[in-house]
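Residue-level listing of the chains:
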Amino acid sequence: MRSSSSLRVDGWRTFWHTLRIMNSELRTQERYEDFGRVECPSICLVNGVLNDISKSGCKVHFDAPITLDLENDYEVRVRLSHSSQSPLVLMCHPQWVKENANTADVGFSILRSPDTARLNDYVKALHAEANEPDEILPQESPCLFV
């Protein structure tokens, strides 16, 4: 069991690390809001929910208590909302965790994984979708409603 002083030091290290990583200005990859089911039984027996994803990281929400070590890597299976294929198998390293009563949000960096190529293709598709012009009301034509 850790002493209270080592917990305090680890807490500050985790706090500053979290502050640095969560700052979106420091991210090199654009994050895309997405929805998916995340399976990682070594962290939580209840599946998590994908909040956003990029080629280099993702944010996952768990609605149950988690067991997480910020020093370990985890195999995470992500079933994506826009894909009917099998789940992505990704090796992830937790960068930060924000825990509330019985829920937790975890930010992961994505390491070289078995499905890195599929992830890159998926993120490219999300980028293309995000940059498509609005088909309901094209921006170059004025609204004709009176």
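Quick caveat: nothing in here was measured; it's all calculated off a predicted structure.

A closer look at the pattern of salt bridges
Pairing between side chains of opposite charge can happen when their charged atoms approach one another.
So, point 1. The final tally for this structure, using the stated rule, is 4 salt bridges.
So, point 2. In this structure, the salt-bridge partner of D115 is R118, at a minimum N-O distance of 3.5 Å.
So, point 3. The class of R118 is partly exposed, set by a relative accessible area of 23%.

Description of the sheet that holds strand β2 (residues 48-53)
In any sheet, the strands associate via hydrogen bonds between backbone groups, in a parallel or an antiparallel arrangement.
So, point 1. One closed barrel accounts for 6 strands, arranged β1-β2-β3-β6-β5-β4; its pairing is antiparallel. Shown here is a sheet whose adjacent strand axes are inclined to one another by a mean of 45 degrees, direction ignored.
So, point 2. With 4 bridges joining them, strand β1 (residues 32-39) and strand β4 (residues 74-80) adopt antiparallel strand pairing. Bridging across to β4, R37 finds its partner in R79.
So, point 3. Contacts from helix α2 (residues 116-130) reach β1, β2, β4, β5 (88-100) and β6 (103-110) within the one sheet, and its direction differs from that of β1 by about 145 degrees.

Considering the pairing of β5
So, point 1. Bridge count for β4 against β5 is 5 bridges, and the pairing is antiparallel. Across the sheet, residue Y74 finds its bridge partner in β5, namely C92.
So, point 2. Hairpin connection from β5 to β6: 2 residues lie between these consecutive antiparallel strands.

Brief notes about the nonpolar core
So, point 1. By size, the foremost hydrophobic cluster in this structure holds 27 residues, and its most contacted members are I43 and V78.
So, point 2. Breaking this core down by element, the ones donating at least two residues are β1, β2, β3 (57-62), β4, β5, β6 and α2.
So, point 3. The contact partners of V78, leaving out residues within four places of it in the chain, are R37, V38, L50, P87, L88 and L90.

Side note on the side chain of S113
So, point 1. Note on placement: S113 falls in the loop between β6 and α2.
So, point 2. Here S113 falls in the buried class, since its relative accessible area comes to 9%.
So, point 3. There is a polar contact of 2.7 Å between the side chain of S113 and the backbone nitrogen of M91.
So, point 4. Only 2.7 Å separates the side chain of S113 from the backbone oxygen of L111, close enough to count as a polar contact.
So, point 5. Contact partners of S113, with chain neighbours within four places excluded, come to V89, L90 and M91.

About the cut-offs
- Residues numbered from 1 in each chain as written.
- Predicted model: local features only at pLDDT ≥ 70, side-chain atom pairs only at ≥ 80, totals over all residues.
- Heavy atoms only, no water.
- Salt bridge = Lys/Arg side-chain N within 4 Å of Asp/Glu carboxyl O.
- Buried < 20%, exposed > 50% of the residue type's maximum accessible area, 1.4 Å probe, protein only.
- Pairing = 2+ DSSP bridges.
- Helix = DSSP H or I, 4+ residues; strand = E, 2+ residues; numbered from the N terminus.
- Axes fitted to C-alpha atoms, helices over the stretch in contact; angles between N-to-C directions.
- Contact = heavy atoms within 4.5 Å.
- Core = buried A, V, L, I, M, F, W, Y, C linked by side-chain atoms within 4.5 Å.
- Polar contact = N/O pair within 3.5 Å; in protein donor to acceptor, adjacent residues only side chain to side chain.

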